[in-house]
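Here is how the chains run, residue by residue.
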Amino acid sequence: MLFNSIPYLILFAFTYLIYWNIPQKGRKPLLVISSLIFYAYFSFPFLFHFLLVILVNYGFSEWIFRKKDKGEAHNHLLFAIVVLNLINLGFFKYFYFVTGSLFSLTGYPAFKEIAGSWSIFLPLAISFYTFQIIAVQVDIHRGIIEKRMSAVDYFLFILFFPQLIAGPIMRSQDFLPQLDHPTIDSDRMKKGLFLIIGGLFKKVIIAENISPIISPIFMDPAKFDSFSIFFSVLAFAVQVYCDFSGYTDMARGSANLLGYEIPENFQGPFFSQSFRELWSRWHITLSSWLRDYIYIPLGGSKGSIFRSNLNSFITMCLGGLWHGANWAFVFWGAYLGALIWIERSLYLGRGKKKFLPDTLPFVGIIRTIVVFVIFCFSGVFFRAAARGDESMNVAYEIFKGVLTFRNTGETLSRVDELPTFIALGLMFNWFQYSNFVYEKLKPYQNILLPFLAVVILLLLGIFGDGGQDFIYFQF
């Protein structure tokens, strides 16, 4: 059930109308039911698997609380439930990756036969809900969650349908305190509607128009010229941003209309002047999860500079693997981890030294462009992963095509449209980076809201209703 679809509009409208016309004690059960319908629309059989996962985790949460109340050790329970969640994730998401890698390394045919004898489908949102569930267990262990949650609260925290499929990955301290006190006023309602309209524009008008233009590049990069490949690489980064941040905006807008705030996932990442700054602005909830539950347990920044950099590199590689069961995703994480390692080691960006002195004219703009372009090239691995076993060959051909500056080959059809879509994506980055536009236009929101609603409806009619899945649904 896509946010930009009629079924979601119907589900949300019915939920919204009932929600605000019943007592508070009935609202949470209603949201749980709506969330179950939302998930069942994608896959009814996997709904039962999902409910079983939540039920088992709830049982372990209660068990850990009882141990804590008695002053007994509970580390073994935490370890057990984290391992169970990782086994669940690993079986569905990485079975073919592991067996395929073992076959490639050993050549032993049994690994290929085992993989061929199974038909495993990936449950929707398993990566996101696994991380969110693990965070709950760890937060209970650490004492961040001090009080027991009712079963309804626990299920709603995991199932809450506006953020269920692709995040943002909510933390207990972000959402649980709001559960009994949803609040709505005209400002929050208008903000929610603006977020939904902006998210629709980013998803349907920008991301879904970039996708068909650049797809030929990732099917056969060797036949295109360097100019076409370069702009396709930049455009893909903008596509991912508009697709994913568009989803987040619509999720946040839906939550606002139900009286809740959920975290922002993007804050103008393409205006960052260092890679560390970029990762504090891009997919924020995943970055903070990786920091708190992988990087810090590995040792974080304690110890030597080398050890700190290694911890960061391992964390980024694991973050890449989390995105998908393909070596291209691992290389994507390694590429980004290497950039942060280099930046830390050489004190680039905002460290003790800078690769460009502040006295130079337009130095901030130059830093921003350099970080943006280098980050965009990480997307080569991300997008090439869709080619499966051919992913690394595709990535190699794209890098080769750009770095050889070749004029021969075909020019991509409609390549001249890409700069416009890139500029639109950067414009929305600026809206997130600075509140200037929102604050200036806020006095006119009663006029702007209906006007923009009509405009987005007209644009949806021109460009289609957005039938493509969100990119992060595959994770």
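Now for a look at the structure at hand. (Residues numbered from 1 in each chain as written. Predicted model: local features only at pLDDT ≥ 70, side-chain atom pairs only at ≥ 80, totals over all residues. Heavy atoms only, no water.)

**Considering the overall build of the protein**
- For the protein, the count of helices and strands is 19 helices and zero strands.
- Expressed along its principal axes, the backbone C-alpha trace of the protein runs to roughly 70 × 65 × 50 Å.
- A buried classification covers 54% of the 475 residues belonging to the protein.
- As presented, the protein carries roughly 21,700 Å² of accessible surface, and 68% of it is formed by carbon and sulfur atoms.
- Across the protein, the centroid of the 38 positively charged side chains sits 7 Å from that of the 31 negatively charged ones. (Helix = DSSP H or I, 4+ residues; strand = E, 2+ residues; numbered from the N terminus. Buried < 20%, exposed > 50% of the residue type's maximum accessible area, 1.4 Å probe, protein only. Areas by Shrake-Rupley, 256 points an atom, 1.4 Å probe, with all protein chains shown as cover. Lys, Arg positive; Asp, Glu negative; His and termini not counted. Charge placed at Lys NZ, Arg CZ, Asp CG, Glu CD.)

**Notes on the side chain of Ser 34**
- As for its placement among the helices and strands, Ser 34 is situated in helix α2 (residues 24–42).
- Once residues lying within four places of it in the same chain are set aside, the contact partners of Ser 34 are Leu 11, Thr 15 and Phe 161. (Contact = heavy atoms within 4.5 Å.)

**What to know about helix α17 (residues 418–433)**
- With 16 residues, α17 extends 22 Å from end C-alpha to end C-alpha; this agrees with the ideal 22 Å at 1.5 Å per step.
- Every buried residue of α17 is listed here: Leu 418, Phe 421, Ile 422, Gly 425, Phe 428, Asn 429 and Gln 432. Down the axis of α17, the smallest arc covering the buried residues is 120°, so these residues share one side.
- On its buried side, α17 packs onto α9 (186–219) and α10 (226–257). (Expected span 1.5 Å × (residues − 1). Arc of directions from axis to C-beta.)

**A look at empty space enclosed by the protein**
- In the structure shown here, the tally under the stated rule is two cavities of 30 Å³ or more.
- Roughly 90 Å³ of volume is contained in the largest cavity.
- Lining the largest cavity, in full, are Phe 236, Ala 237, Val 240, Trp 282, Trp 332, Phe 375, Cys 376, Ser 378, Gly 379, Phe 382 and Tyr 472.
- Of all the secondary-structure elements, those providing two or more residues to the lining of the largest cavity are α10 and α15 (363–384).
- Here the lining of the largest cavity takes five residues from α15, the largest share from any one element.
- Class assignment of the residues belonging to the lining of the largest cavity gives a composition of nine nonpolar, two polar and no charged. (1 Å grid on protein atoms, 1.4 Å probe; cavity = no way out; pocket = protein on both sides within 12 Å on 5 of 7 lines; lining within 4 Å. Points joined across faces, edges and corners; volume = space filled by probe spheres on them. Nonpolar A, V, L, I, M, F, W, Y, C, P; charged D, E, K, R; others polar.)

**Focus: the packing of aromatic side chains**
- All chains considered together, the criterion is met by 55 aromatic pairs.
- Between Phe 97 and Trp 327, the aromatic rings sit 5.2 Å apart at their centres with planes inclined by 55°, giving tilted as the arrangement. One end of the pair, Phe 97, is in helix α4 (residues 75–106); the other, Trp 327, is in helix α14 (residues 327–346), and 230 residues separate them in sequence.
- Centroid distance Trp 282 to Phe 375: 5.1 Å. Interplanar angle 65°. Geometry classified as edge-to-face. Separated by 93 residues along the polypeptide, Trp 282 in the loop between α11 (275–278) and α12 (284–298) and Phe 375 in helix α15 bring together distant segments of the chain. For the pair formed by Trp 282 and Phe 375, the shared burial category is buried.
- One aromatic cluster is present, built from ring pairs that chain together Tyr 8, Phe 12, Tyr 16, Phe 38, Tyr 41, Phe 42, Phe 157, Phe 160, Phe 161, Phe 175 and Tyr 260.
- In this structure, Arg 27 packs its charged tip against the face of Tyr 19, placed 5.4 Å from the ring centre.
- Taking NZ or CZ as reference, Lys 93 lies 5.4 Å from the ring centre of Trp 322, over its face. (Phe/Tyr/Trp six-rings, centres within 6.5 Å; stacked < 30°, edge-to-face > 60°. Lys NZ or Arg CZ within 6 Å of the ring centre and 35° of its normal.)

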